[in-house]
Amino acid sequence: MSVFMDLNLSFTAERSRLRSLIETAAHLGFSTVAINYVHEPTTKKKQEVPTPTPINELIDQLPIVQGRSRPIRVLNRLTVVMSESSYFRPADPAYRSFDLLAISPATEKLFHAACMSYDIDIICVPVTEKLPFTLKRAPVNGAVDRGVVFEVSYSAAIRDSTMRRYTIANANSLMESCKGKGVILSSAAEKALELRGPYDLTNLGLLFGLSDKDAKEAVSSTCRSVLLHAESRRTANGIIYTTKSCSDSSCQQEAPDSELCDAPAAKRLRPPPRVTDS
Amino acid sequence: MRRVDRKDESTVYQRVVLKNASPYHYMKVCLVLEDESTRLSAVEFKCFIISGLKSLFGEVGAALTFDLLKYDEDTLTALLRVCSRGLVKLWSSLTLLGSYQNQACAFRVLQVSPYLLALTGNSRELQLY
């Protein structure tokens, strides 16, 4: 049984709209969704990285996914729209409250840097405009080897016909460079009516140049590998991670296959942790 | 296309593989509109789908023949039949269709099958009492 995920639901301040988005996603069969907070820093004024609202404030009861018995899993994701390399600061503690990190590069140099060295999970391929740079095979393969995936979002194609052409053109040029590996399809939906079911997306992947197998993987197993990559990115060498031990942390617990240390040990003086072999 | 395989000498059996045996694919779709009280007639529904095909695939796409076998005006649910070769085109144009007369809409594809009999049962709506 494959688990379908939609890792890009736009955050809106309206609670009712977000609630209906999550309910529609659960009804369509997505087991996991991620609410996307877009951060667009400019040189003019200093902007704070948005903090994610906790899930239990957004929606009281998570709806059950259609076809399964578990409720839908909601994660938080940050997308940094970068036009200069100083905008992405990986040491910023605000980044730590997000489960997934994504970058939307605007220039070729940034794209190359994001593929090869930045500590992120997802690279967003622009779909609302003509590609400002060509996607060369070398950085794309480097990113795929590292575990970073490329994301194509489709809701712009639903809203406007010019965007439709750009989406299909950019997606096809991405597929030429990456041969169908390491791609995820997601909506950047703002309304519940812009979401489409997982099998509809599998069919849409054929239009974007993916094969049958790659199109289905783009909605299911590649998304799962992104989540695992994000989890291991937040650990130290993939072995230890710290979590705040608070009483209502049970809703955000992920099954750790590593040792668990309690914070506020970060403030406490303690001997350097022994790294055990996993 | 028939392929006959002989696996074992002692037990002789015949395996028949039929590829693309059914010339048509059947789809059960439901149109969800922003304003839930809007009603479309069968003709308007088919016209709407043809306009979607035309906007995505042009005149060649709009020439794709599909049939509206059953239409329920109250729930806006329809049973479509399309040639197997045209399934991807029709399905993707239904997916990317976003607005009907300036209101947002979405086509929810409920079932797709090469055999009409398979559309009678749906494990998603199965209710066990």
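Residues numbered from 1 in each chain as written. Chains lettered and ligands numbered in written order. Predicted model: local features only at pLDDT ≥ 70, side-chain atom pairs only at ≥ 80, totals over all residues. Heavy atoms only, no water.

What follows covers the nonpolar core. Counting 67 residues, the largest nonpolar core has F88, F150 and L174 of chain A as its most contacted members. Here the element with the most residues in this core is helix α1 (residues 15-28) of chain A; it accounts for 6 residues. Beyond its immediate sequence surroundings of up to four residues, F150 of chain A is in contact with F111, C115, I123, V125, V140, A143, V144, L174, G182, V183 and I184 of chain A. Ranked by size, the runner-up nonpolar core spans 25 residues in total, among them F48, L53, Y71 and L90 of chain B. (Core = buried A, V, L, I, M, F, W, Y, C linked by side-chain atoms within 4.5 Å. Buried < 20%, exposed > 50% of the residue type's maximum accessible area, 1.4 Å probe, protein only. Helix = DSSP H or I, 4+ residues; strand = E, 2+ residues; numbered from the N terminus. Contact = heavy atoms within 4.5 Å.)

Take the sheet that holds strand β4 (residues 66-72) of chain B next. All names here are of chain B. A sheet is described by the order of its strands in space; here 5 strands give the open sequence β4-β5-β3-β7-β6, paired in antiparallel fashion. The two strands at the open ends of the sheet, each matched to only one other strand, are β4 and β6 (99-100). Relative to strand β7 (residues 103-113), β6 runs antiparallel, the two sharing 2 bridges. Bridged to S99 within β7 is A104. Contacts from helix α2 (residues 87-95) reach β3 (24-33), β4, β5 (77-83) and β7 within the one sheet, and its direction differs from that of β3 by about 5°. (Pairing = 2+ DSSP bridges. Axes fitted to C-alpha atoms, helices over the stretch in contact; angles between N-to-C directions.)

All names here are of chain A. With 8 of its 10 residues buried, strand β3 (residues 73-82) lies for the most part within the structure. Summarising the sheet, β3 and strand β4 (residues 100-105) pair through 6 bridges and their orientation is parallel. When the bridges of β4 are listed, V81 appears paired with S104.

All right, on to the packing of helix α7 (residues 198-207) of chain A against helix α8 (residues 212-219) of chain A then. All names here are of chain A. Viewed as axis vectors pointing N to C, α7 and α8 meet at an angle of 135°, and their least axial separation amounts to 8 Å. For the element pair α7 / α8, the angle class is oblique. Read as a crossing pair, α7 and α8 show a hand that is right-handed. Between α7 and α8, the contacting residues are P198, Y199, L201, T202, G205 and L206 on the first element and D212, A215, K216 and V219 on the second. Of the residues in the contact of α7 with α8, the class split is 6 nonpolar, 2 polar and 2 charged. (Parallel < 35°, antiparallel > 145°, perpendicular 65-115°, else oblique. Left-handed = near helix turned anticlockwise from the far one by under 90°. Nonpolar A, V, L, I, M, F, W, Y, C, P; charged D, E, K, R; others polar.)

The next point concerns the interface of chain B and chain A. Counting residues at the interface gives 20 residues for chain B, matched by 18 residues for chain A. With both sides pooled, the region where chain B packs onto chain A buries about 1700 Å², and carbon together with sulfur makes up 61% of that total. Sorting the residues of chain B by area buried against chain A places T95, L96 and R108 of chain B first, and these three jointly supply 39% of that buried surface. One can count 0 salt bridges joining chain B with chain A. Our enumeration of links across chain B and chain A arrives at 8 residue pairs in polar contact (both at pLDDT 80 or more). Taken together, the elements giving at least two residues each to the side of chain B that touches chain A come down to β3, α1 (42-62), α2 and β7 of chain B. Examining the composition of the side of chain B that touches chain A, we find that 6 residues originate from one element, β7 of chain B, more than from any other. Looking at the side of chain B that touches chain A residue by residue, the classes come out as 13 nonpolar, 4 polar and 3 charged. (Buried area = accessible area lost by both parts, 1.4 Å probe. Salt bridge = Lys/Arg side-chain N within 4 Å of Asp/Glu carboxyl O. Polar contact = N/O pair within 3.5 Å; in protein donor to acceptor, adjacent residues only side chain to side chain.)

To continue, consider the pattern of salt bridges. All names here are of chain A. Using the criterion set out here, one finds 9 salt bridges over all chains in the structure. The salt bridge involving E108 is made with K136; its shortest N-O contact spans 3.2 Å. Taken as a pair, E108 in helix α3 (residues 108-116) and K136 in the loop between β5 (122-124) and α4 (137-146) lie far apart in primary sequence, 28 residues in all. Taking relative accessible area as the criterion, E108 reaches 34% and is therefore assigned partly exposed. A relative accessible area of 45% places K136 in the partly exposed class. Here E217 makes a salt bridge to K213, at a shortest N to O gap of 3.5 Å. Of this pair, E217 and K213 both sit in helix α8, separated by 4 residues, roughly a single helical turn. Take E217: its relative accessible area is 27%, and that puts it in the partly exposed class. Bridged by salt links that share partners, the residues R159, E190 and E194 form one connected network.

As a further point, take α4 of chain A. Residues and elements named next belong to chain A. Every buried residue of α4 is listed here: P139, V140, G142 and A143. Along α4, the residues classed as buried sweep out an arc of 160° about the axis, all on the same side. Exposed and facing more than 90 degrees away from the buried side of α4 are A138 and D145. Looking at the buried residues of α4, the elements they touch are α3, β6 (149-153) and α6 (161-178). Remark: G147 follows α4 within two positions and exhibits a positive phi of approximately 105°. (Arc of directions from axis to C-beta.)

The next subject is α1 of chain B. All names here are of chain B. With 21 residues, α1 should cover 30 Å at 1.5 Å per step; its first-to-last C-alpha distance of 17 Å lies more than 12% under that length. Where α1 bends most, at L56, the angle is about 115°. Within α1 the residues assigned to the buried category are F45, F48, I49, G52, L53, L56, G61 and A62. (Expected span 1.5 Å × (residues − 1). Bend = angle between axes of the 7 residues up to and from the residue.)

Here the focus is the sheet that holds β6 of chain A. Sheets are built from strands that pair by backbone hydrogen bonding, the pairs being arranged parallel or antiparallel. All names here are of chain A. Pairing in this open sheet of 7 strands is parallel, and the strands run β1-β2-β3-β4-β5-β6-β7 from one edge to the other. In the strand order of this sheet, the two ends are held by β1 (4-10) and β7 (183-186), each with one partner. Pairwise comparison of adjacent strand axes, ignoring direction, gives a mean angle of 30° for this sheet. Sheet analysis places β4 next to β5, joined by 2 bridges and oriented parallel. In the strand pairing of β5, I103 is matched with I123.

No statement about biological role is implied by the geometric values presented.
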